[in-house]
Amino acid sequence: QRGLGTYFVRTNTEKAPFNHPLIRRAFALALDRQAIVEHVTQGNQIPATGLVPLCFGLQKEPYFQDHNIDEAKRLFEEGLASLELKKDQLPEISY
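Read on for a plain summary of the structure. (Residues numbered from 1 in each chain as written. Predicted model: local features only at pLDDT ≥ 70, side-chain atom pairs only at ≥ 80, totals over all residues. Heavy atoms only, no water.)

### Side note on helix H1 (residues 21–30)
Residue pairs three or four apart in sequence face the same way in an α-helix, which turns once every 3.6 residues.
No. 1: Within H1, the full set of buried residues consists of Ile23, Ala26 and Leu29. Within H1, the buried residues cover an arc of 130° as seen down the axis, which keeps them to one side. (Buried < 20%, exposed > 50% of the residue type's maximum accessible area, 1.4 Å probe, protein only. Helix = DSSP H or I, 4+ residues; strand = E, 2+ residues; numbered from the N terminus. Arc of directions from axis to C-beta.)

Okay, here's the thing in structure tokens:
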């Protein structure tokens with residue numbers, strides 16, 4: 001039996017560093033959803049690149065590219081600069 005669904009992780013956007021949109025976007029782009037599907041969930045799922053699966057036909061392209069490290073780094077650095085922080089000044093992040 002197959003089902004259709006999307007799982008996601010919510011973050012506290014009121015607390016640093018995720019209170020900054022560029023930092024949130026950088027983390028979202030850095031995730032390797034394909035690796036999560038292959039090595040964690042192991043259910044032959046299709047990695048989610050948006051809340052609505054592409055098979056519904058509401059969009060032709062994914063909302064974003066999975067595991068886009070170059071863009072994630074660029075946005076992260078831009079976010080740090082706008083916060084006037086260095087990487088080692090970021091608060092600890094827990095899951």
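### Focus: the environment of Leu29
No. 1: Counting through the fold element by element, Leu29 comes out in helix H1.
No. 2: A relative accessible area of 3% means that Leu29 is categorised as buried.
No. 3: In the structure, Leu29 is positioned 17 residues away from Ile46 in sequence and 16 Å away in space, judged by C-alpha atoms.
No. 4: In this view, Leu29 contacts Phe64, Gln65, Asp66, His67, Asn68, Glu71, Ala72 and Leu75; residues no more than four positions away in its chain are not counted. (Contact = heavy atoms within 4.5 Å.)

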